[in-house]
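# Examination of the molecular architecture
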Amino acid sequence: MNILLTGATGFIGSSVLPRLLDDGHSVTALVRDADKAAAVEAAGATALIGDAADGRLVEQASRQSDGVIHLASGKDVDAVLVPAVLAGLAGSGKPFVHTGGIWTYGSNDDIAEDSPVDPPALTAWRGDAEALVRAASDVRGTVVVPSIVYGYGKGLPNVIVDAPRDSGTVPSLRLIGDGSQHWATVHVDDLAALYVLALENGTAGSTYIGAGGQNPTVRELGEAAAQAAGIAGGVAAESLDVTRSRLGEGLADALLLDQQARGTKARIDLGWEPNGVTLLEELLVGSYAPARV
């Protein structure tokens, strides 16, 4: 299939693009500029330079594709792109894989696709576009919901790795709040495999949570990062007010959510098998750990 892909040069897209190509698909990557076009062409895709919020361009490119994966999700982009894709694919039954977010479910110690939603202010905008995709009657629309994505030293784990070091006789690494909250996590390569499975085999109207099944606490993650960096004082809790001031209220409130998920539906329905190294291992001895001389 010829797949229209947004976000091909981003953190997740950099794993989804080669996965699609390895599975025998051709890819047209919608990118913003010539530098990104060169990057996706070097990776084996065809570049389409344009704006993901250009409804006419997106509708035409979608109509010419055999399916769409949308990774470059954003409030302003989705309001235009999702209706445009659905218009371009209308009546075809072709697949459209849209991107959601785990924070939509709020704090929950066993998140499943049908769990109640309680999004923080930062991501409250996601619901409308997701509902449009799931409700499409003549397009095979699915939503992939990434949890905290990690791998290759990129993404949100760097909020922990790069947290302030408290000064003093024995320095310590600051946590996000007291660190008792769990994070649902997924390796970026495992998540890429899920996107392709949803494209190829997903059921219309379905949501698939991308969670590898490891749900460490932020304190555990901080302790691993502190150990890797040789920070003698380990970790130190931070008040909610200080965390919100440091990270901004919107991001802080999202990172303070206590979330656990297993990704069971994707495993059962799509045969997804996440097996990437855990985030704890990545922080301690992997891509987030300081370079060893």
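All values reported here derive from a predicted model rather than from experimental measurement. (Residues numbered from 1 in each chain as written. Predicted model: local features only at pLDDT ≥ 70, side-chain atom pairs only at ≥ 80, totals over all residues. Heavy atoms only, no water.)

### Quick notes on the packing of aromatic side chains
According to the stated counting rule, one finds zero aromatic pairs in the structure shown. Between the NZ or CZ atom of K265 and the centre of the ring of Y208, over which it lies, the distance is 5.3 Å. (Phe/Tyr/Trp six-rings, centres within 6.5 Å; stacked < 30°, edge-to-face > 60°. Lys NZ or Arg CZ within 6 Å of the ring centre and 35° of its normal.)

### Let's talk about the nonpolar core
If you look at soluble globular proteins, the nonpolar side chains tend to sit buried side by side. Of all hydrophobic cores here, the largest spans 53 residues; its most connected members are L81, F96, I102, I176, W183, I209 and L283. The biggest single contributor to this core is helix α4 (residues 75-89), with seven residues. If near-sequence neighbours (up to four positions away) are discounted, I176 is found in contact with V159, I160, Q181, W183, V218, T243, R246, L247, L255 and L256. Ranked by size, the runner-up nonpolar core spans 34 residues in total, among them A193, L194, Y195 and L270. (Core = buried A, V, L, I, M, F, W, Y, C linked by side-chain atoms within 4.5 Å. Buried < 20%, exposed > 50% of the residue type's maximum accessible area, 1.4 Å probe, protein only. Helix = DSSP H or I, 4+ residues; strand = E, 2+ residues; numbered from the N terminus. Contact = heavy atoms within 4.5 Å.)

### Observations concerning the environment of A42
Here A42 is to be found in helix α2 (residues 34-43). Owing to a relative accessible area of 70%, A42 belongs among the exposed residues under this scheme. Distance from A42 to D114, taken between C-alpha atoms, is 40 Å for residues 72 residues apart in sequence.

### Things to note about unusual backbone geometry
Of note in this structure, Y152 is not a glycine but carries a positive phi near 60 degrees. Along the chain, Y152 falls in the loop between β8 (148-150) and α6 (157-161).

### What to know about empty space enclosed by the protein
Inspection of the entire model under this criterion finds one cavity of 30 Å³ or more. Around the largest cavity, the lining residues are I102, W103, I148, H182, W183, A184, A254, L255, L257 and Q259. Residue composition of the lining of the largest cavity, grouped by class: eight nonpolar, two polar and no charged. (1 Å grid on protein atoms, 1.4 Å probe; cavity = no way out; pocket = protein on both sides within 12 Å on 5 of 7 lines; lining within 4 Å. Points joined across faces, edges and corners; volume = space filled by probe spheres on them. Nonpolar A, V, L, I, M, F, W, Y, C, P; charged D, E, K, R; others polar.)

### Here we look at the side chain of E238
By the element assignment, E238 lies in the loop between β13 (235-236) and α9 (240-247). Excluding anything up to four places from it in sequence, E238 contacts R174, L175, G177, D178, T243 and R246.

### Details of the sheet that holds strand β12 (residues 206-210)
Pairing within the open sheet is parallel, and its seven strands lie in the order β3-β2-β1-β4-β5-β7-β12. The open sheet has two edge strands, β3 (46-49) and β12, and neither has a second partner. Strand-to-strand, the axes of this sheet are offset by a mean angle of 20 degrees, without reference to chain direction. Packed onto the sheet, α4 meets β1 (2-6), β4 (67-70) and β5 (95-99) and runs at close to 170 degrees relative to β5. Contacts between helix α7 (residues 188-201) and the sheet are confined to β1, β4, β5, β7 (140-146) and β12, with β7 contributing the most and set at about 165 degrees to the helix. (Pairing = 2+ DSSP bridges. Axes fitted to C-alpha atoms, helices over the stretch in contact; angles between N-to-C directions.)

### Considerations on α4
Each full turn of the α-helix corresponds to 3.6 residues, which orients residues three or four apart in the same direction. In this model α4 runs 21 Å from its N-terminal to its C-terminal C-alpha over 15 residues, within 8% of the 21 Å that 1.5 Å per residue would give. Buried within α4 we find V77, D78, L81, V82, A84, V85, L86, G88 and L89. Where α4 is buried, its residues meet β1, α3 (55-63), β4, β5 and α5 (126-135). (Expected span 1.5 Å × (residues − 1).)

### Remarks on the side chain of T217
Topologically, T217 is positioned in the loop between β12 and α8 (218-229). Accessibility expressed as a relative area gives 14% for T217, which makes it buried. Filtering out sequence-adjacent residues up to four positions away, T217 remains in contact with G179, S180, Q181 and H182.

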